[in-house]
Amino acid sequence: MKVLEQLVPLGHPNRPGTKLNSVRALVFHYTANENMGANDTATAKYFGRKYVKVGDKFYEANGKTEFSYGSAQVIADMDSITIAIPVDEAAWAVGDRRVLPWTEQWRGQQHMSRNVFDCQPNYRSISIEICDNDVVKNSKADWDGAVANAVAWAIDYCQKKNLKIDLAGSLDPQNAKPPVAGKILICRHHDISGKICPKPFIDDPVAWKATIQKIADSVGV
C-alpha cells in the first residue's frame, strides 16, 4: 500500500483545522466519479481547489457560485492512498446538522447519527473516500483494487492505534451505540445520513459485510 500526502491547505473551506472530538468510526464513501483520471490525487486536488471569499461567505473560483463543501481525510484508488486532511482533524464528509432536510438524494439524519455520534459525525469519525474511476474497462478490477487499498489503510490505522472492531454495531448500525474504549465501528456514509453512498456497497450488502468482516478478522473484535 503506497501512502501519499496532498493536504488541503489549512484554512481552506474544506479544511477548517478543527481537531476531532474522538474517533468512533471509520466511514466509507465513494467519489461517484467514473472519469478515468479521477484518482486519489485528483480528488485531493479537487478538495483543495481555488475559491473566493466575499465577506464571511465562500464561493467557487468564478466568484458567483456558492462553494460546495465536501472532503475526506483519506482517499483510496487502485494504486495508492492519499491523505487529504490530517486524520486528527475534521472533514466535511457526513453531515452534522441535527435535522437534515429530507430529499430523495440526501435523505435525512439516521438513528446512527444520533445514537453513535450525537449528530456530529464529522467530529467523531474518519472518512475514507474510495475512487470508482473507470480505469479498467468492462471490469471491477479498479473498484476492487481501490477497496483493497481502503481496507488495508483501515487495518493499518486500527493496528497502529491498537483498536478492535465493534462487529455487532458495525453489522447493525442503526442499533449501534458509541463503541467502548479500544473499539471502533466500520460504517458507510449511508448508515449515517441515508445518502446513497457508497452505492456499490449498498447495491451489494454481502460485499459490504465481507469488507467489515475482513477488517475485523485482521485486527480482532
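Only a predicted model underlies this, so the values are computations on that prediction, with no experimental measurement involved.

Caption draft 1: Just the packing of helix α3 (residues 141-161) against helix α7 (residues 205-219), in detail. Interhelical geometry of α3 versus α7 gives an angle of 35° and a closest axis separation of 10 Å. For the element pair α3 and α7, the recorded crossing hand is right-handed. Residues V151, A154, I155, C158 and Q159 of α3 lie in contact with α7, whose contacting residues are T211, K214, I215, S218 and V219. In the contact of α3 with α7, the residues fall into six nonpolar, three polar and one charged.

Caption draft 2: Spotlight on the packing of aromatic side chains. What the rule picks out here adds up to eight aromatic pairs. For the pair F28 and W208, a centre-to-centre distance of 5.5 Å together with 70° between the ring planes defines the contact as edge-to-face. Highlighted residues: F28 in strand β2 (residues 25-30) and W208 in helix α7, separated in sequence by 180 residues. The burial state of F28 is the same as that of W208; both residues are buried. Each residue in the set F28, W143, F201 and W208 is aromatic and connected to the rest through ring pairs, giving one cluster. Here R49 stacks its cationic end above the ring of Y46, 4.1 Å away from the centre of that ring.

Caption draft 3: Region of the structure containing the nonpolar core. Grouped together as the largest cluster of nonpolar side chains are 33 residues, with contacts concentrated most on L26, F28, W153 and I215. Elements represented by at least two residues in this core include exactly β2, β5 (74-76), β6 (81-83), β7 (125-130), α3, β9 (183-188) and α7. The element contributing the most residues to this core is α3, with 10 residues. Discounting residues that sit within four places of it in the chain, F28 has contacts with I128, I130, A150, A154, I186, C187, R188, H189, C197, P198, W208 and I215. Judged by nonpolar contacts, the second largest core, of 11 residues, contains V27, V94, V116 and A176.

Caption draft 4: Inspection of the pairing of strand β3 (residues 51-54) at higher detail. The pairing of β3 with strand β4 (residues 57-60) spans four bridges and is classified as antiparallel. Note that in β4 the partner of Y51 across the bridge is E60. Remark: two residues form the turn of the hairpin made by β3 and β4, two consecutive strands paired antiparallel; G55 in that turn has positive phi of roughly 65°.

Caption draft 5: Inspection of the side chain of T43 at higher detail. Mapping T43 onto the fold places it in helix α1 (residues 40-47). Residue T43 is classed as buried on the basis of its relative accessible area of 9%. A distance of 2.8 Å separates a polar side-chain atom of T43 from the backbone oxygen of N39. Not counting the four nearest positions on each side in its chain, T43 is found in contact with T31, A38, I75 and C131.

Caption draft 6: Region of interest: α1. Among the residues making up α1, those that are buried are D40, T43, A44 and F47. Buried residues of α1, viewed axially, fall in a sector of 100°; they line one side. Where α1 is buried, its residues touch β1 (3-5), β5, β6 and β7.

Caption draft 7: Expanded view of the pairing of β9. The buried fraction of β9 amounts to five of the six residues, a majority that puts the element mostly inside the structure. With four bridges joining them, β2 and β9 adopt parallel strand pairing. Bridge pairing links L26 to I186 in β9. Where strand β8 (residues 164-165) lies against β9, two bridges are found, and the strand directions are parallel. Along β9, the bridge assignment pairs K164 with K183.

Caption draft 8: Broad picture of the environment of V54. Looking at the secondary structure, you find V54 in strand β3. A relative accessible area of 46% means that V54 is categorised as partly exposed. Sequence separation between V54 and D172 is 118 residues; the distance between their C-alpha atoms is 44 Å.

Calculation notes
Residues numbered from 1 in each chain as written. Predicted model: local features only at pLDDT ≥ 70, side-chain atom pairs only at ≥ 80, totals over all residues. Heavy atoms only, no water. Axes fitted to C-alpha atoms, helices over the stretch in contact; angles between N-to-C directions. Helix = DSSP H or I, 4+ residues; strand = E, 2+ residues; numbered from the N terminus. Left-handed = near helix turned anticlockwise from the far one by under 90°. Contact = heavy atoms within 4.5 Å. Nonpolar A, V, L, I, M, F, W, Y, C, P; charged D, E, K, R; others polar. Phe/Tyr/Trp six-rings, centres within 6.5 Å; stacked < 30°, edge-to-face > 60°. Buried < 20%, exposed > 50% of the residue type's maximum accessible area, 1.4 Å probe, protein only. Lys NZ or Arg CZ within 6 Å of the ring centre and 35° of its normal. Core = buried A, V, L, I, M, F, W, Y, C linked by side-chain atoms within 4.5 Å. Pairing = 2+ DSSP bridges. Polar contact = N/O pair within 3.5 Å; in protein donor to acceptor, adjacent residues only side chain to side chain. Arc of directions from axis to C-beta.

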